[in-house]
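# Commentary on secondary and tertiary structure
Now for the letters of each chain:
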Amino acid sequence: MSQDPMDFEWSYWVEWGRERILWLLAGHLLVSQMSRLLVEKYKPWCLMVYGMAACWLLLGIKGFAVILLHAAISFAVAQFQLSLLTWLCSLILLATLRIPAVEEAKRKWYDTENEYYLLLFTVSVRCLFCTSFSLEYCWHAPTQKSSHSFPWMLAYVFYYPTFHNGPLVNFDEFSKQMRRQEAFSVKTNLSILIVGIIRIFFWWCLAELMIHLMYIHALYSSALPLESASYWALGGLALAQVLFFYVKYLVLYGVPGLLLQMDGLKPPALPCCVSLMHSFTKMWRSFDVGLHRFLVRYIYVPMGGSQSSLLGTLLSTALTFAFVSYWHGGQSYLWYWGALNWLGVIVENGTKRILSISLIQDLI
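Residues numbered from 1 in each chain as written. Predicted model: local features only at pLDDT ≥ 70, side-chain atom pairs only at ≥ 80, totals over all residues. Heavy atoms only, no water.

The protein chain is annotated in an unreviewed UniProt entry as HHAT palmitoyltransferase from Ploceus nigricollis. We quote the UniProt Sequence similarities (unreviewed entry) comment for the protein chain here in full: "Belongs to the membrane-bound acyltransferase family. HHAT subfamily." Under the heading Subcellular location (unreviewed entry), UniProt records this for the protein chain: "Endoplasmic reticulum membrane". (UniProt positions renumbered as here; feature names shortened; annotations may be inferred.)

Shown next as structure tokens:
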């Protein structure tokens, strides 16, 4: 039975996973467990070297050089310890990914379009990791200098389980957990691995069934069936699409999340089922937890967040969604998507504030 070919993201990562990425993740697991067993103290550096080697193997020396250059530039700018300058640097580095001449030059490095896209996706995610490290560097105390060095930045940026597609782990959480030395139990880790593999295999089978039987994305790509469908059918299609998106990210974040656990780190919680959500705010808090923590820690709270005036809250929320839209590509439909999400969050929070007034509560 043929599958629905219209979901690019699923087809893309499954193809790369089968070809190379799963094998490289298995290699990371082996290196990680051996280093935890034999040289726990040097585990971050063993994993850093492995991540660099995996990057070189998949993206070539030029792709590796691009990521290393991004990290070096970010670290150099962070030396000024100015958050605004760090953000300006991050946005400029992101902007370079969309310069047509630069795109064409990078495409020529590879034989296939898929290889170029792998570099593009990887560098986009690495930009967030570089931003996290650089902002933590700006905020760190002089006594924390050893844990905010350039080698620690490389260990963070080249950590392989989160390398190509996330999930996002902020540097403060990563360094704290990576430096923590715990008792290592082969038996406990083996049971975590077996249970994790069974769960991920179940989710993958479910996603494949949806791709082969439901053809949600193929229906969305054609205007004719959508125009003839009833509103109930359109609502069902929309629900089916977001449910597939949820199952897809259980797999895409479940695999690296399992490896994070095996490395003794606490991964961000996996996405919450979209059928259990009824608000924009909950969706943003509990679907991509790693991205939410990044946005709150580095944009929303520094801009004032909910502790500022009404105008300040509106501005900090708007800047948060503007960054999300820009990071995802900055196309016009993404700005509309970001604006609608911003509006949904503002309406919800405004309604909560109104309902919290004692007079309104008495009326209710």
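Next comes the rest of the write-up.
On to the packing of aromatic side chains. In the structure shown here, the tally under the stated rule is 37 aromatic pairs. Ring geometry for Phe-75 against Phe-133: centres 6.0 Å apart, planes inclined by 35°, an arrangement best described as tilted. In this pair, Phe-75 is assigned in helix α2 (residues 43-78) and Phe-133 in helix α5 (residues 113-139), connecting sequence segments 58 residues apart. This pair shows no difference in class: Phe-75 is buried, exactly as Phe-133 is. Members of the aromatic cluster, joined through ring pairs, are Phe-75, Phe-129, Phe-133, Tyr-137, Phe-150, Tyr-156, Tyr-159, Phe-171 and Phe-174. Above the ring of Tyr-326, the side-chain terminus of Arg-98 is found at 4.6 Å from the ring centroid. The side chain of Arg-126 reaches across the aromatic face of Phe-129, ending 4.0 Å from its centre. (Phe/Tyr/Trp six-rings, centres within 6.5 Å; stacked < 30°, edge-to-face > 60°. Helix = DSSP H or I, 4+ residues; strand = E, 2+ residues; numbered from the N terminus. Buried < 20%, exposed > 50% of the residue type's maximum accessible area, 1.4 Å probe, protein only. Lys NZ or Arg CZ within 6 Å of the ring centre and 35° of its normal.)

Let us now look at the UniProt feature "transmembrane region" (unreviewed entry) in the protein chain. Per the UniProt record, the feature "transmembrane region" (unreviewed entry) sits at residues 20-39, 46-69, 75-95, 116-135, 150-169, 190-211, 231-252 and 310-328. Helix and strand shares over residues 46-69 are 100% and 0% respectively, and the end C-alpha atoms of the span are 21 Å apart. Regarding residues 310-328, the helix share stands at 95% and the strand share at 0%, and the terminal C-alpha atoms are separated by 27 Å.

A cluster of nonpolar side chains, namely Leu-30, Met-34, Leu-37, Leu-38, Val-39, Tyr-42 and Val-186, defines an oily patch on the protein surface of about 700 Å² accessible area. Sort the elements by how many residues they give to the nonpolar patch and helix α1 (residues 8-38) lands first, with four residues. Position of Val-39 among the secondary structure elements: in the loop between α1 and α2. (Patch = residues over 30% accessible without salt bridge, like charges linked within 9 Å, V, L, I, M, F, W, Y side chains within 5 Å. Areas by Shrake-Rupley, 256 points an atom, 1.4 Å probe, with all protein chains shown as cover. Salt bridge = Lys/Arg side-chain N within 4 Å of Asp/Glu carboxyl O.)

Evaluation of the coordinates by the stated rule reveals eight salt bridges. With its nearest N and O atoms 3.6 Å apart, the salt bridge here joins Glu-173 to Arg-293. Of this pair, Glu-173 sits in helix α7 (residues 171-179) while Arg-293 sits in helix α13 (residues 289-300); the two residues are 120 residues apart in sequence, bridging distant segments of the chain.

Here we take up the domain arrangement of the protein chain. Often, the extent of an interface is quoted as the loss of accessible area upon association of its parts. The domain boundaries assigned to the protein chain delineate domain 1 (8-179) and domain 2 (269-363). Computed over C-alpha atoms only, the centres of domain 1 and domain 2 are separated by 27 Å. Taken together, the 18 residues of domain 1 in the interface contact twelve residues of domain 2. Buried surface at the junction of domain 1 and domain 2, both sides included, amounts to about 1400 Å², of which 63% is carbon and sulfur. Of all residues in domain 1, Trp-87, Arg-98 and Leu-128 give up the largest surface area on contact with domain 2, accounting jointly for 36% of the area buried on that side. Across the contact surface, domain 1 and domain 2 share three salt bridges. Arg-297 is paired through a salt bridge with Glu-136; the nearest N and O atoms lie 2.6 Å apart. (Domains from an automatic or database assignment. Contact = heavy atoms within 4.5 Å. Buried area = accessible area lost by both parts, 1.4 Å probe.)

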